Every structure is written in structure tokens, then in C-alpha cells.
Amino acid sequence: MEIGPIWRAMKRRKARFILVAAEVALTLAIVTNAVGLILDAQQEMNRPSGFVDEHLIRVDINNYGQAFEDEEYVRTVVDADTEALRNLPGVLAASHTHFVPWRGGGSSGELQINGGGPKKYRTQTYSADPGIFETLGVEILEGRALDATDFTADPEGDQFNVAVSRDLAALMFPEEDALGKSFFFSDPETSFVIVGIFGDFFNPYGWPIGEYAVFFPTRSADSSGHRFLVRAEPGQLDEVFGSIEGALTAIDSERAFALRTVTDIKTGYHSGSQVMVKNLNLLMIVLLVVTALGIIGLTSFSVTERRRQIGTRRALGATKADIVRYFLIENWLVTTFGVVVGILLAAALNSLLLTVVAGATLAWEILVGGVALLWLLGLGATLGPALRAARVPPALATQNV
Amino acid sequence: MLRYNVWLAWKSVRRTSKLSALIILGIALGVGISTAAIGLYRFFSGDPIPHKSDVLYSVRIDSWDPEARAPHTGGIPTQLTYRDTQAMLASDIPSHRAAMFKSDLYIFPQEADQRPFLETVRVTSSDFFTLFDVPFAYGGPWNRQADAQVEAVAVIDQELNDRLFGGGDSVGKTFRIVQQEFRVIGVIDTWRPKVKYYDMTQSPFMPLEHVFIPFSHLEPMELRTSGNSDGWQSNPTEGTFGDQLQISETCFIQMWVQLDDKETLASFQSFVDAYTNEQRKLGRLERPNDNRLTTVVDLMKEWEAVPEQASAMAALAILFLVVCSLNLIGLFLGKFLARAPIVGIRRALGASRRSIFIQHIVESELIGLLGGTLGLGLAALQLRWMESQLQRQVGIDGFFDLDGQIVLVALMLSLISGLVAGIYPAWRICRIAPAQHLKMQ
Amino acid sequence: MLKMKGVSKIYRTELLETQALRNFSLHVKAGEFIAVMGPSGSGKSTFLNVTGLLDSFNEGTYELDGVDVSRLNDNEMSRIRNEKIGFIFQSFNLIPDLDVADNVDVPLRYRRLPARDRKQRIEWALETVGLSGRRHHLPSQLSGGQQQRVAIARVLAGDPCIILADEPTGNLDSAMSHEIMGLLEEVHERGTTVIMVTHSTECAARANRQLHIFDGRLVDVERVVPMPLNQLSDAAVSQAG
């Protein structure tokens, strides 16, 4: 059978075919955009931090004991805590820092390059002891890690050594080597010298500064409490998690501890996206089922309505295969018409969605995949009713109603 | 006649039970998924205090760096500095006014065997409770005098009341916050706005606080915020805590006022502008005046309280419902036209086109309602599932509970999709000529 | 042309068994015009369905145009229907969504003929039935007689060796019946074998031979014009001369 007469016959029954085409068009638009959103979300969720997230535990310590009013005592406890955590069996490294990965925020500031004019750069800023890079599993790319000498620098002094992330170095000094350069925050009297550049670093933030970070060698402990990041050896996470509180309570028990694995924090951070991905998957599956049911329904109706015509065609010499082919071609034409409109709709919906959701423009691969999927879906859904049509006996042609 | 039509529709549904079940399932899926998505969207975007959201205003002042705009979405800081807050609290123009921030503090229960625990405390003015219509189970809020005299009184919620005192009327009982003994003056009844609209600075969905104490404790207790603090200058280090607070440019305080009419709004706006003009003369607030009084709903928009995912899902789900309706047009067309001979007889027996049309619309609406009811169940299941997925982030039980409005939305959607899907097929069937199908019998 | 021997057809349902054709034997020579008559339910339709390969039969043998069709599969039967048999139905059975030309085209499409050939055949067939000017009309825009003429054109275009007509005038008034019978006779005169089931004795009278079916049996064979094909042609020629 050729397309010509099928097409001409379809033009006499526009309403129903337009219905299916519209359904296919909308389905294509929804499915491709849903897939686009899912892929964007997954890319975001799979984006590496550059740290050994799966081995990290965050330990928050909140003091309530009177003894912590004494600054000297706080310092002693922090040192003792650090020592105890590092010596725990299964612990690879630990750092006293106020940085927590995957919280969706942190602390930030605006810096200016010394002698670099008024331009300001916003970056995340965190205090940390020298153990931070080993704990996070972040590599020093240039220069050196912060060390004990940086850590013991006079807190009242006017110059500190710091380490910055590779992307921040590149942002501040796109042409030159950042090593040895210095910058300041609001006070030009206090400058910070870059002694090390590390990477990779990514920590999502409310502002688009996820890749930019400065680590200062400062203590961030005060009477109210302090925080550690602990890196367990592979496979030791649970054991370490269980033993931390005991080890720290032994040093001072008048404080409360809140432990959470970084994996857990990360899961929490992504839970919104996770739920969206699951919901969109559900919506897509149900939508495809509904569309398939719609095509099955309309084709069945079409077959029932055209039984006599099918009998006549059979009497005039159509084989069963001819009948099946007729319905498949008819559906294919409708689907094709639908996907052409659907591609335009998909693009329109995409630009609409991009006004509410951050994401990428719909990739052509997704559209091609969607078109192929709907072609298959259409043919698959038509096959059942078409086979039923092929079973219409040719003798039906001579029955007079 | 309607009863007759409903009876006919019911008979038809029963007779073609398989096809009807398919159609009902189709409507149920469409209504279910779109109701869940619209419900989700509405939870996030709905006006949390509809009866007075038009008189509640957040107060913001552009106190940022003279040389740069604030990096916040609105281009001005989202919070106030302590000294600007003091000036705002001094105005008598608003009928109610409250400054606030939150602080993580240790609570020491009276029972010696209970360990102290960390709790997020909202440090705020007495008007907080009147501004936001907080219901009380026992006692009530403290008064302005308690604010002024730094009285050690606290309002707690039922959950903390249970934890500290085992529930009941605990007004007058005491517990310790850090070093200070506080007396319970009121216990809040169930109060859980879905969006924490009075402080969206970290997230519009942070859990509500369980303890509230007077704002004036900030200085003597040397309280620090556990929320966001935004600064463009290093914090002062000289002098006492109070001295530092007085000159600090760090923004960490949210402020709300109630302005009951347009005149009050205008006069408070000019009061704020006059204040910033005055400060400019003193060498502060060098940026041009950009002081904003923003309603709850507008502020929620600015904070993008609706997660972008929820908007995207709502958009897709509505299109999904359209597909379902298109689908149903086809199924109804099949269902109705299969019955053409019978309709021919009815027409021959004197049924008018109009009555045939109505008969079929009634049938599609009946099916729509059946589907919608089932869909509502599906929506409830889906929302429950989403809540279990989001429990940790949202932190509040029953956040996604169906309410009357959602039920109404679902019923509306099912009626609309029943109508949309039924109109064309009903029109087609009512145009069957009376004789056409009789002849062939 | 057509040889049936001992053909039986039994319809079975759960409750009863109906023997529609009993030990039915018939021999039709090429070029005959046969009228088949009989009361309702006598088995005329079954006879037509079996003859037209629209339905199977249970016993006996059936040879059509030298081919034993008793053991053919569905596809082979379709091909024979398409190439050797032309059907004319009581209710015309035109495809309502197709215009006149496309309707005539239907069997040609199934024969997979090249476009040019099909076009010529359609032109010729429509001209023969006098509907060239209506090729783009839909069946619903034509009168009953015109529709049946389209059906005849559909047969002519396929150039079958045998035409099976099932009450071709049953749905038509007498003027139109006359016109259709005239056309059928014209086709017959071209040398095509015609078997026509009819109620109308007037129509039957125009056939060479009348068969009567009663209770599934061929009960009476009345030779009206016992004339073989070559003689028939001669007669037609002499008549024309």
C-alpha cells in the first residue's frame, strides 16, 4: 500500500487524527523537556566536589561547660580534640575547620588584589588548620600546603599566608602566576599572601562562587564550640563514626556533639532534585502509558467503525499483512505529523521552562531520541488493533446490515 | 430530567464497564498527577497569612558598601544592622513592630537528670505574636514593658513544653538558657505556616523555633545569630560586645511592621527615608535611598520561595492533564458513537439534539467526577510519598497534607477535563440523524 | 472455469450446527452468465462466499480457472480474489473516505501495479461506466446507481475472469436496476464469466442459465440458453450484424 490514498482518506476524518497528533506532539514536548530536566539535575547531582565526600564526617562540638569561658582552656581542648581524632583507629586525617561541604552555603567575602585597582572578587572563605587538604583529599597544585608556621602566625599581625582554589587564582590572575601575590579584604592594612593553590574545589553556594575558595590558617574556636572534618580510611567510616563521641567526651564531657557524614549532608542538599527526578520519571512513564492507551483506544474505535471497509478490502484482494500495514502507515503518518509539531512545542516549552529553572537548552539528541520513542510507541500501540483488523473475515463484505 | 440523565449515565458506565474503567483511570491519572504538582506548587507559593498579608511589611534599608551594590537578589541587604533596627523600633507609626533573629543556645532543663541540649531560639519583640497571629494554648506573649526591662520571660511551643515539663499548663515554670533563668509566660498552640515567611534568609523552609525570648536580651546575653549575617566591612574588635554592636555594619536582623492603611504606609516610608537622610549627613548610608517596605507575598517572590523544580513540575503536570483530556476525547468519541443506533432510536422517539447533548455531557461529567475522586486518592499518595522523600529537608510533618483547597482543585480539574473531553463527542453524537441508523436495523 | 464437487459448508455454534451447503456440485464454463436464485436462508450467500473464496468450506473440491483452491492459504486466496474475481455487492461497499478514482484503484493497489498502468485502467473503467467526470466525487455525493457503477468500474479495472454479483440491484429502483443490468451484460459480452445471486426473476431472466438453491442444495438446473462461449460470441456478432 502506498501513502497517497491513505493520506487522502485520513483527510476525511481529520478530527480524530488531529487528536492523536496533538497528543503525540504534547507528549513529545513533555517527555523531551522532562528528560532534559532530569539530565540537568543528574549532572548537577553528579558534579564532583573534588573531595573524598564518601569518607568524611562532620563533627560539631557545642560547649556548655563554664570552663570554656577561659580562652586558654578552649585552645587546649581544641588541640587535645585534634590529637585524639587523628589518633583514632581508622582515621586517616582530621582538620579543625569551619568548612562543611555540600551545605549549600558557608561563609564568603569580597577581596581586592593588592595594587590591582578597585575590582572586587567574591569568594568563599574558610578557616582551617594545616590538615585540611589531606582531610578533604584535595591536591596542592602549586606552591605548598599551609603548615604549622602559618598556623602560629601572630593573630594581631598584618600579613597571613593563605591557600586559594585554582579557579579563584585563575579568576584573579588570568595572565600571571598567582603564587606569591597578595590581596586584602575590607582592610588594606591586613594582607593575605598566596602560598599554595589547590584543586579541585567545588562547594555549592547561594551565589555563583562554588569554585572559589580561600583557606586561612586561623583557629575558629570560641567559648561556644568548634568543628572538625574527619576523614576515615576506606571502609572504616561506620567504625570511626561510632567512636568519635567517646573519644571527645573523654577530653571534656560538658559539651554536645552532632555528627553527620558528608554523604548524608550531600544527599540532603540534593533531595529536592532527587524528588523532582523521581517525580518526572513517574510522570513520563504514566504519560507514555496514557498516550499509548489513547492511540490503542482510537485505533480500536477506528477498526470497529471500519470493519465493513476492511472486509471489502479483504474481498478485493488485500492480504492480512496489507491490512496491518494500512493501519501502521496511517498511524505513522499521524505520529510523524505529531512529532513535527511536537519538536516546535518542545522548543517553546523549553524556553518557557528556562525562565523558571536553571538548565541547558534542549539537546538535539534528546529530541531525536524522543521522536524515535514516539514512533515506536505509536507503531507498538497500533499493532494490537491492527492485528484485530486483519482478523476481520472477508465474508463480512457480503453481509448486508 | 437531571436525575434521569444521571441514571442513564450510570447505566452506561455499568454496561461498558471495561471502557469506562479505562476512561476513569485515565482521568484519575491526569487529575492525580496534576493535583499533586499543583498542590506542591501551592504549598510553596500560597499566602501563608492571607487575612493580613496586605498589612504586614518587612523593613529593609540599603546600608551596604557605598562602592558596591549588595550581592543579594534584590540589590539591597535582606536584613538590618543593629543600630538601624533600634531606630526603626523607636517609631510609633506602625501599629505593631518586631525585630528578630535566631540564635543556637543551650537549654538546661530543671530536672537534673536531663542533659542540656542545643535549641534554636528566636530573639524577638513582644509584637511578634500579634503580628503573625500566633495562637496560644496557655498564657500569652510578654508585653512591651518586658521588652524594655529585659525581663527573663520566654514563650515555648508544645513540643518543648512536652520535652521540658511533660506538657500541660507550664506558665510560671522556669528553665535555664545558657546562664540565665527564664520563666515561661506562654505556650504556643499548634502553629505551622508552611513557609517560614517571617525569616526566609537561610531557606523559606527552615523549621520553626521552639523558644522565643525578648529581643532586648541580645546585648546582655551577648547573643550571636545562627542565621545569615551579611557584612561588607570587618567587624569592629575594640570595646565591649555592646559597643561593637552599636557601630557594626553587619546585617543580621529581620524586621516586620504592621501598617494598617495607605497613609500609615506612606508616613512610615517617609520616616525611614528621613532616617537614612539623617544618617547620610552623619557619614553613614552613603548609597542613594533605597529603603523598601515589602509585603509577605512579594518578599516570598523575591526569595523564590517556590523551588524551581516545583514550578517546572507544575508546568509539565498541567500539560500532562491536557494530554489526558485529549486522550479522553478519543475514548468518549468511541464510547458515544458506538451507541449511534440507540441514539438514532431516541431521536426518532422525539429526543431533541439538546437533550441528547446534555445526556452525554452528564455522562462525561459523571465519569470525570469518578475519575477525579480516584485521582484525589492518587494525589494524596503521591504527596505522601514526596513528603517521605523530603522529610529531612522540610522537617515538618504533614507539610503535604491535602486540605480543602486541594480537594477543590482536584474536583475542578476533573469537572473541567470531563467537560473538555465530553463536549466534542457529545456534539458529534447529538447530530446523528434520527433515521440514519434506524434504516439499517 | 469453475468446478465444484461435493462441497459442504457447516456453521457451528455452541448450540447448533447448520449445514449451509450440502454436497454441492456445480460446473460453470467460461463466458457463462449464471443467475442464482433461492429463498432467504437457502444458502445463496454461503455459496457466494465459498465461490468468491471469502469463506472456507468443509468437504469437497473446488477448482477455479484451473487452480485447485481447496488447499490455499489466506495469502494465496487473497491473491486469487484480487486477480481473478470481481465482486459486486448489494450495498456497493465503496470505501466512504476515498473518492471515485481511489475506490477503483483499491484492487489495483493490492495487485502492486505500476502507477501508470493503474491510471490507464482507472480512466478506461470510469469511461466505460460513464463516470469519468466524477472521479473526484466521494461515494456519499453519488446516487445509488452511480455508486454501483463505480463498483462495476472497480471490477472492470481489475479485469477479472469471473464476476460475482450479490444482488447487484437489490438496493436500487427499477430504472437504475435496468441500467446496472445493462452494464453487467456489457461486461459479460466482453467474455467475462458472471455469476449473479438475485431475488429478481426479471434480472434472472437476462442470464444464460438459472440455478436454484434450496436448503443448501442445487435443486434445479434450467438451461435457458445452453450455449458455449464461441457460439455466444457468434450469436452476439450475428445479432449486431
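Keep in mind the model is a prediction, meaning the values are calculated, not measured.

Reading the values: rules and limits
Residues numbered from 1 in each chain as written. Chains lettered and ligands numbered in written order. Predicted model: local features only at pLDDT ≥ 70, side-chain atom pairs only at ≥ 80, totals over all residues. pLDDT = per-residue confidence, 0-100. Helix = DSSP H or I, 4+ residues; strand = E, 2+ residues; numbered from the N terminus. Contact = placed C-beta atoms within 7 Å. Nonpolar A, V, L, I, M, F, W, Y, C, P; charged D, E, K, R; others polar. Core = buried A, V, L, I, M, F, W, Y, C linked by C-beta atoms within 7 Å. Buried ≥ 20, exposed ≤ 12 C-beta atoms within 10 Å, placed from the backbone. Arc of directions from axis to C-beta. Pairing = 2+ DSSP bridges.

(A) Inspection of the confidence of the model for chain C at higher detail. Considering every residue of chain C, the mean pLDDT works out to 84; 91% of them sit at 70 or more. Of all the helices and strands in chain C, helix H8 (residues 229-240) of chain C carries the lowest mean pLDDT, 41, while helix H4 (residues 115-128) of chain C carries the highest, 93.

(B) View of the interface of chain C and chain A. The partner chain A presents 22 residues to the 28 residues of chain C that form the contact. Only helix H1 (44-51), helix H2 (74-84) and helix H3 (100-110) of chain C provide two or more residues apiece to the side of chain C that touches chain A. A per-class count over the side of chain C that touches chain A returns 9 nonpolar, 9 polar and 10 charged.

(C) Spatial organisation of the interface of chain A and chain B. Each partner contributes residues to the interface: chain A has 46 residues there, and chain B has 40 residues. Breaking the side of chain A that touches chain B down by element, the ones donating at least two residues are helix H2 (14-46), strand S4 (120-127), helix H8 (262-305) and helix H10 (320-354) of chain A. Looking at the side of chain A that touches chain B, its residues break down into 27 nonpolar, 13 polar and 6 charged.

(D) Local environment of the nonpolar core. Among the nonpolar cores identified, the biggest contains 159 residues, and A:Leu28, B:Ala154, B:Met313, B:Ala317 and B:Phe320 are the most heavily contacted of them. With 18 residues, helix H10 (residues 308-337) of chain B is the single largest residue contributor to this core. Setting aside chain neighbours within four positions, we find B:Phe320 in contact with A:Ile30, A:Leu283, A:Leu287, B:Gly30, B:Ile33 and B:Ser34. Within the second largest apolar cluster, 81 residues are counted, among which are A:Ala395, C:Val50, C:Ala157 and C:Ile195.

(E) Region of the structure containing helix H11 (residues 340-348) of chain B. All names here are of chain B. All buried positions along H11 are accounted for by Val-343, Gly-344 and Arg-347. Here the buried residues of H11 occupy an arc of 110° about the axis, which is enough to place them on one side. Of the residues trailing H11, Gly-350 is marked for its positive phi of about 110°.

(F) Molecular detail of the sheet that holds strand S5 (residues 67-68) of chain C. Residue and element names in this part refer to chain C. Spatially, 4 strands are ordered S2-S1-S4-S5 in an open sheet, and the strand pairing comes out antiparallel. Whereas interior strands pair on both sides, the edge strands pair on one side only; in this sheet they are strand S2 (17-28) and S5. Taken together, the 5 bridges between strand S1 (residues 2-12) and strand S4 (residues 59-64) define a ladder with antiparallel strand orientation. Bridging from a neighbouring strand, Leu-2 pairs with Leu-64 of S4.

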